[in-house]
Amino acid sequence: MLDKLLIQRRLPPHLVEQMLRMVDDSKQGVVWRDYVLQKFPNAIERISGDDFLTDKMLKTLWTMVQSTEHTFSGTALLALERLSRNQETSISIDRLATESIKVAESEFFTPVNRQTALQVGVLSGAGDGAVALARKWLADETLPVGMSLSAMNTLGQAGSRQDGVLLKRFASSGDVRIRKAARLSLKQLQSR
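Residues numbered from 1 in each chain as written. Predicted model: local features only at pLDDT ≥ 70, side-chain atom pairs only at ≥ 80, totals over all residues. Heavy atoms only, no water.

(A) How the structure looks around the overall build of the protein chain. Across its full length, the protein chain holds 12 helices and 0 strands. When the helices and strands of the protein chain are placed in sequence order, the string is α-α-α-α-α-α-α-α-α-α-α-α. When the backbone C-alpha atoms are referred to their principal axes, the protein chain occupies close to 55 × 35 × 25 Å. Of the contacts formed within the protein chain by residues at least 6 apart in sequence, a portion of 59% connects residues at least 24 apart. (Helix = DSSP H or I, 4+ residues; strand = E, 2+ residues; numbered from the N terminus. Contact = heavy atoms within 4.5 Å.)

The structure is reproduced here in structure tokens:
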């Protein structure tokens, strides 16, 4: 329903205010709140020119980056990364990179948020910090698979040729997900 409302020729009155309320309303289910948060970039693109509402939505996104609940942090980071590519929004790419790495490093966040944060960090230019963290993660054999995959992808995107040695260790893993990710990341490294 929200998708349909956001593509109407004329945006329904008060839709953005309702979206802001829903995200803040803990009585709403976390899945719904997360979904509404995902749609913030769509709404911001539709209300371009309304600085007051745009600022409120951006402030909410930055606040949700700090949320350790559910997947809100990762969702907010992805929304901010998407908006950073839109020249009409004033997202500080340096701030986005810094906040992403902070989330990725913190054990207070869920593994899903941390792995998303690492990817957003790479996309927003936190190359050295993201690569160092990816190497650290891959040294931890107790790491959840998703975080390992994110770390391998990070090395493939932003690592150096010396990371090939680390990735080769995983290229023959019995876990097909790990094996495929390691091989793909190795190819990315070799093609640079």
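(B) Highlighting the nonpolar core. One finds Met19, Phe40, Met57 and Leu61 to be the most contacted residues of the largest nonpolar core, which totals 59 residues. Looking at this core element by element, the count peaks at 7 residues for helix 5 (residues 51–65). Every residue in contact with leucine 61, bar those within four places of it in the chain, is listed here: Leu37, Phe40, Ile44, Ala76, Ala79, Leu80 and Leu83. (Core = buried A, V, L, I, M, F, W, Y, C linked by side-chain atoms within 4.5 Å. Buried < 20%, exposed > 50% of the residue type's maximum accessible area, 1.4 Å probe, protein only.)

(C) Structural context of the side chain of lysine 39. Considering the arrangement of structural elements, one finds lysine 39 in the loop between helix 3 (30–38) and helix 4 (40–46). Residue lysine 39 is classed as buried on the basis of its relative accessible area of 15%. Leave out the neighbours within four places in its chain, and lysine 39 touches Leu2, Asp3, Leu6 and Met19.

(D) How the structure looks around the pattern of salt bridges. Under the definition given, this model contains 7 salt bridges. The closest approach of N and O atoms between aspartate 163 and arginine 135, which form a salt bridge, is 2.7 Å. Placement of aspartate 163 in helix 11 (residues 163–170) and of arginine 135 in helix 9 (residues 127–138) is noted, with a sequence separation of 28 residues between them. In this structure arginine 135 comes out as partly exposed when scored by relative accessible area, which is 30%. Residues arginine 177 and aspartate 175 are paired through a salt bridge, measuring 2.8 Å at the closest nitrogen-oxygen approach. On the accessibility criterion, arginine 177 (47% relative accessible area) is partly exposed. Looking at aspartate 175, the relative accessible area reads 23%, which means it is partly exposed. (Salt bridge = Lys/Arg side-chain N within 4 Å of Asp/Glu carboxyl O.)

(E) Quick peek at the side chain of arginine 114. Examined against the element boundaries, arginine 114 turns out to sit in helix 8 (residues 111–123). We note that arginine 114 is buried and unpaired, the nearest opposite charge coming from glutamate 107 at a distance of 5.1 Å. (Lys, Arg positive; Asp, Glu negative; His and termini not counted.)

(F) How the structure looks around helix 7 (residues 93–105). When the terminal C-alpha atoms of helix 7 are compared, their 18 Å separation across 13 residues agrees well with the 18 Å that a helix rising 1.5 Å per residue should span. Inspection of helix 7 places Leu96, Ala97, Glu99, Ser100, Ile101, Val103 and Ala104 among the buried residues, and these make up the whole buried set. Lining the buried residues of helix 7 we find helix 5, helix 6 (72–84), helix 8 and helix 9. (Expected span 1.5 Å × (residues − 1).)

(G) Here's a closer look at the environment of valine 16. Tracing the backbone through its elements, the reader meets valine 16 in helix 2 (residues 15–24). By relative accessible area, valine 16 is classed as buried at 3%. Separated by 38 residues in the primary sequence, valine 16 and threonine 54 place their C-alpha atoms 9.2 Å from one another. Excluding anything up to four places from it in sequence, valine 16 contacts Leu11, Ala43, Ile47, Leu53 and Met57.

(H) Looking closely at the packing of aromatic side chains. Applying the stated criterion across every chain yields a total of 1 aromatic pair. The ring of tryptophan 62 carries the charged tip of arginine 95 above its face, separated from the ring centre by 3.8 Å. (Phe/Tyr/Trp six-rings, centres within 6.5 Å; stacked < 30°, edge-to-face > 60°. Lys NZ or Arg CZ within 6 Å of the ring centre and 35° of its normal.)

(I) A look at unusual backbone geometry. Non-glycine residue histidine 14 carries a positive phi angle of around 70 degrees. With respect to the element layout, histidine 14 can be found in the loop between helix 1 (2–6) and helix 2. On the basis of relative accessibility, which here comes to 55%, the residue histidine 14 falls in the exposed class. Notably, histidine 70 is not glycine yet its phi reads approximately 50 degrees, a positive angle. In this fold, histidine 70 is placed in the loop between helix 5 and helix 6.

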